[in-house]
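Tertiary structure, described
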Amino acid sequence: MEEPFKCLTDAYRCFLSGSRPDRSAADVAAVIFGGLRGLVPVQLREELCSEAEMICISVTLLEKITSSLTAQSLPIQLTLYSEEVLRVLFGDMNLMEQLVHHFQAEDQIISHLAAKCASACVFFHLQKCGMVCPCWQKKCTQAFHSSSPGTELDACLWSVTEVLRKTLKESQQGILGKLLDTFDCSLCALCSKLLPEKNEECLDSFTHSRHWGTTMCLLLDLLEVLSASSLTCGTRVCLKSQRITYIRSAALLTMISCSSEGFVKKRALLLLKRTVLEKVGEDWALGEVLSSGLKYENFGSDMSMLAQSVLTAVANNWLDSVQVEPAAFFGGIRCTKMMGDEGQKPDCVMLRAVSLIVLKSIELHIQTTGTKGADGATEVDGHLQSLWGFLRRYRTQLTEVTHLCCWISLLFGEQDDDMMEAAKAALSIFLSHRLRSGLDDGAAFAAACASGCNPHCHFVLLLQSVSFDHSILLDFLISVETCFLEYFLRYLKYLRDNWQSFIAACGGISVSGCDSSLQQSFTASSADDGATLAYKGEGDNAEFSSGVQVTGINPPVNRVSLAPEVRLVEYDSSDESDPDNTEGSDVGPRASVCEKSRFSALDVQQETSGLSVFIRQTQNELPAALLVEPNCSLERKPEDSSLPVLQCGQTLCANMAPLSGQVSFETLAKTVFCLSELREVVTRLHTKKLFPYNPSALLKLLEQVENSYKQSHVPHFNKCRT
């Protein structure tokens, strides 16, 4: 009577240990088939296991056998044995019909395990003969066309997503195309039902279902896989199902504003954020799979459609209807003190996602439509003001800020990759809009600060947030986790050609003005319990855990470092982003050098330690201060007069108001010396063949910026350097 249960458990132990079971393949297959059908002897139903448990054990063993065969991790004898088991099950017994039947089981565990097992079997069959299992295909297609939210539709969504994801990761374009073509029509029909064009009324009929939230999250996961697959099409025609995220973007935005399920809104926002940043699938796909660089035929129009949907929604007060849930952690929802008041801290992941979606949409809109003149300026400014109003509702720190340019540091300080994307988008918005607005430099920069998009302010505040530490910029340059290299090169080109405006921008930013706001922002979540928080995690789901204490006014941006095993940036050269022809040696990618020499924090410290003495010496010899005339030309203060230099340790007001015509020479000097030290370190590493790509364009730009500083009415510079 204990035979079926003992046979299954013994077989599973054998597969775990890599040994061949004693029973024949036909016997094991028969027991699995019987268990999957729920054929449990009456005596066992109460003594050892129930019918549901027998089904779970059978499905788990079958999934283990199939996954091991796919991974080719079994010894040869066990491999032949496993293949015989599958041949009997799927050939003679037609087991797939029983598996997909369990998709509609009321027990969600059985339904999910059946979907997981079926996905493994379908993927193995695809790998072996390149054919889609007809029974599985029919079940999923029927569910997409006719099923309402429930366990059957959930199982089909999960199964198709898993098979597509595995195929995409394996870079099997032929099989991927066959799968997409198989489900193209049914997926479009499903999304028309769950994400209708005018979904105010249709959405209500589904949201009352207790399965709606789970079904929508699974659909959003499938949409991300479909969008990621579109990036591998190259120049080929993309199927409609791969473009659903773009086509149904307006419906997704409506769902975000109408849904009462916080986790659904968050998943939808993250999908739109990754889509607009062209980072769909980055959490699970191999880097080389999605980095071909070639876009499908309609990619530009699809991105423009997405941006237009977002901006139309913003213009129709979409942001007013978006409710940001309180921040949650593994224990539930934390009640925190914010700026001295009791309240719940909002979910910054959602705030960052909304901000990036709006910023990137504005950038794409300007680039694709060529917005010009006063009307275009008014339109862009209206979108930005709507975003600031939305952020001020949830971030108390931003309500006390009058200099809007510090918003990037305040909001994105916890997430380097998002912060660089936001800075890059703001820079692009400023450059594109400045060229088309027809404003002079003074008016353009005043408007940029009023809208929070002055690139000079963003860069200086970024350096302040890292305490002008060039080694952190070096980490950014050789990290694959941010777009800092692209942003840095583009900004340096602009800085080189607009030096006087950079000096003027330094006049509106105090040395430590943003530090107090940043510190309050970073430590607010630990105010209640007195615990100190350390950044821990990655990507959109990053959280905080207790650990490292933050003291003084040093923001916790020093978290960026390279462990010995971190893969370096895979750029051939920084010349690829530089339109100018740069001098210097043509140094190609040093793959072998990169493999042998990995950077660590200690390496960076050793390379930069020789510069610390220099910067202390030069700071001691800095002129006391500079005066700025209204036309932004610089005059050095007479030597017989004394004007105190603003010290880094001072705590200023968080709004960073302009300093009454005075510009802190220390801010300007610290910025240039930081860039100068960065140039020296990069040069030294490049000379030693330790830098991962050719930095010729970067070094040229850094040198040009340093020369601009020397020539900008700062006669003490050469004296300080000698």
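Remember, predicted model here, so these are calculated numbers, not experimental data.

Tallying each qualifying case throughout the model produces 19 salt bridges. When the shortest N-O distance is used, the salt bridge between Glu 421 and Lys 424 registers 4.0 Å. Pair noted here: Glu 421 and Lys 424 are both in helix H22 (residues 416-437), with a separation of 3 residues, about one helical turn. Residue Lys 424 is classed as buried on the basis of its relative accessible area, which comes to 11%. Connected through salt bridges with shared partners, the residues Lys 279, Glu 421, Lys 424 and Glu 486 form a single ionic network.

This part is about the environment of Leu 99. Mapped onto the elements, Leu 99 comes out in helix H6 (residues 95-101). For Leu 99 and Ile 110, which are 11 residues apart along the polypeptide, the C-alpha to C-alpha distance reads 9.9 Å.

This brings us to helix H33 (residues 696-710). Its 15 residues place the ends of H33 21 Å apart at the C-alpha level, agreeing with the 21 Å of an ideal helix rising 1.5 Å per residue. Three or more residues of H33 are buried, namely Ser 696, Ala 697, Leu 698, Leu 699, Leu 701, Leu 702, Val 705, Glu 706, Ser 708 and Tyr 709.

This part takes up the environment of Thr 687. Following the sequence through the fold, Thr 687 ends up in helix H32 (residues 665-687). Of the residues examined, Thr 687 reaches a relative accessible area of 61% and is grouped as exposed.

For soluble globular proteins, the rule of thumb is that nonpolar side chains tend to be buried together. In this structure, Trp 136, Phe 144, Phe 390 and Phe 488 are the most contacted members of the largest nonpolar core, which totals 200 residues. Ranked by residue count, the leading element in this core is helix H18 (residues 348-369), at 12 residues. Setting aside anything within four residues of it in sequence, one finds Trp 136 in contact with Met 96, Val 100, Phe 103, Ala 118, Val 122, Ser 159, Val 160, Val 163, Leu 179 and Phe 183.

Below, the discussion takes up the packing of aromatic side chains. The tally for this structure, following the rule as stated, stands at 17 aromatic pairs. Centre to centre, the rings of Phe 673 and Tyr 709 are 6.5 Å apart; their planes meet at 75°, and the pair counts as edge-to-face. Taken together, the positions of Phe 673 in helix H32 and Tyr 709 in helix H33 put the pair 36 residues apart, joining distant regions of the chain. Residues Phe 673 and Tyr 709 agree in their burial class; the two are buried. In textbook terms, an aromatic cluster arises when at least three aromatic residues are bridged by ring pairs, as seen for Phe 459, Phe 476, Phe 484, Tyr 487, Phe 488 and Tyr 491.

This paragraph deals with the side chain of His 383. Within the fold, His 383 resides in helix H19 (residues 373-394). Judged by relative accessible area, which is 7%, His 383 ranks as buried. Setting aside chain neighbours within four positions, we find His 383 in contact with Leu 311, Val 314, Ala 315 and Ile 362.

This part is about helix H26 (residues 484-497). In this model, H26 (14 residues) spans 20 Å end to end at C-alpha, consistent with the 20 Å of a helix rising 1.5 Å per residue. Buried residues dominate H26, accounting for 10 of its 14 residues. Every buried residue of H26 is listed here: Phe 484, Leu 485, Tyr 487, Phe 488, Leu 489, Tyr 491, Leu 492, Lys 493, Tyr 494 and Leu 495.

Packing of helix H14 (residues 249-258) against helix H16 (residues 299-315) brings their axes to within 9 Å, and their N-to-C directions diverge by 35°. In this structure, H14 meets H16 at a crossing whose hand is right-handed. Contacts from Ser 249, Ala 250 and Leu 253 of H14 reach H16 at Met 305, Leu 306, Ser 309, Val 310 and Ala 313. Looking at side-chain class alone, the contact of H14 with H16 contains 6 nonpolar, 2 polar and no charged residues.

Quick look at the state of the cysteines now. Applying the stated criterion to the full structure yields 0 disulfides. Free of any disulfide, Cys 7 has its nearest cysteine sulfur in Cys 14, 9.6 Å distant. Unpaired in this structure, Cys 457 has its nearest cysteine sulfur neighbour in Cys 449, at a distance of 3.9 Å.

Reading the values: the criteria
- Per chain, residue numbering runs from 1 following the sequence as it is written.
- In keeping with the model being predicted, local features are shown solely for residues with a pLDDT of at least 70 and side-chain atom pairs are shown and tallied solely at 80 or more, while totals for entire chains, interfaces and linings include all residues.
- Each side-chain value is derived from all of the structure's non-hydrogen atoms; neither hydrogens nor water enter the calculation.
- When a carboxyl oxygen of Asp or Glu is within 4 Å of a side-chain nitrogen of Lys or Arg, the pair counts as a salt bridge.
- Numbered from the N terminus, helices here are DSSP runs of H or I no shorter than four residues, and strands are runs of E no shorter than two.
- Burial here depends on accessible area, computed with a 1.4 Å probe over protein chains only, as a share of the maximum for the residue type. Under 20% is buried, over 50% is exposed, and the range in between is partly exposed.
- One less than the number of residues in a helix, times 1.5 Å, gives the span that helix is expected to have.
- Residues belong to a common nonpolar core when they are buried Ala, Val, Leu, Ile, Met, Phe, Trp, Tyr or Cys residues joined through side-chain atoms within 4.5 Å.
- What makes two residues a contact is simply this: any of their non-hydrogen atoms within 4.5 Å.
- Centres within 6.5 Å are what make two rings of Phe, Tyr or Trp a pair, Trp counting through its six-membered ring; a difference in plane orientation under 30 degrees is then read as stacked, over 60 as edge-to-face, and the rest as tilted.
- An axis is simply a line fitted to the C-alpha atoms; with a helix, the fit covers only the stretch in contact. Between two such axes, the angle follows the N-to-C directions and lies from 0 to 180 degrees.
- Crossing handedness: left-handed means the near helix sits turned counterclockwise from the far one by under a right angle, and right-handed means the same turn made clockwise.
- Just so you know the grouping, Ala, Val, Leu, Ile, Met, Phe, Trp, Tyr, Cys and Pro go in nonpolar, Asp, Glu, Lys and Arg go in charged, and all remaining residues, Gly too, go in polar.
- When two cysteine sulfur atoms are found within 2.5 Å, that pair is recorded as a disulfide.

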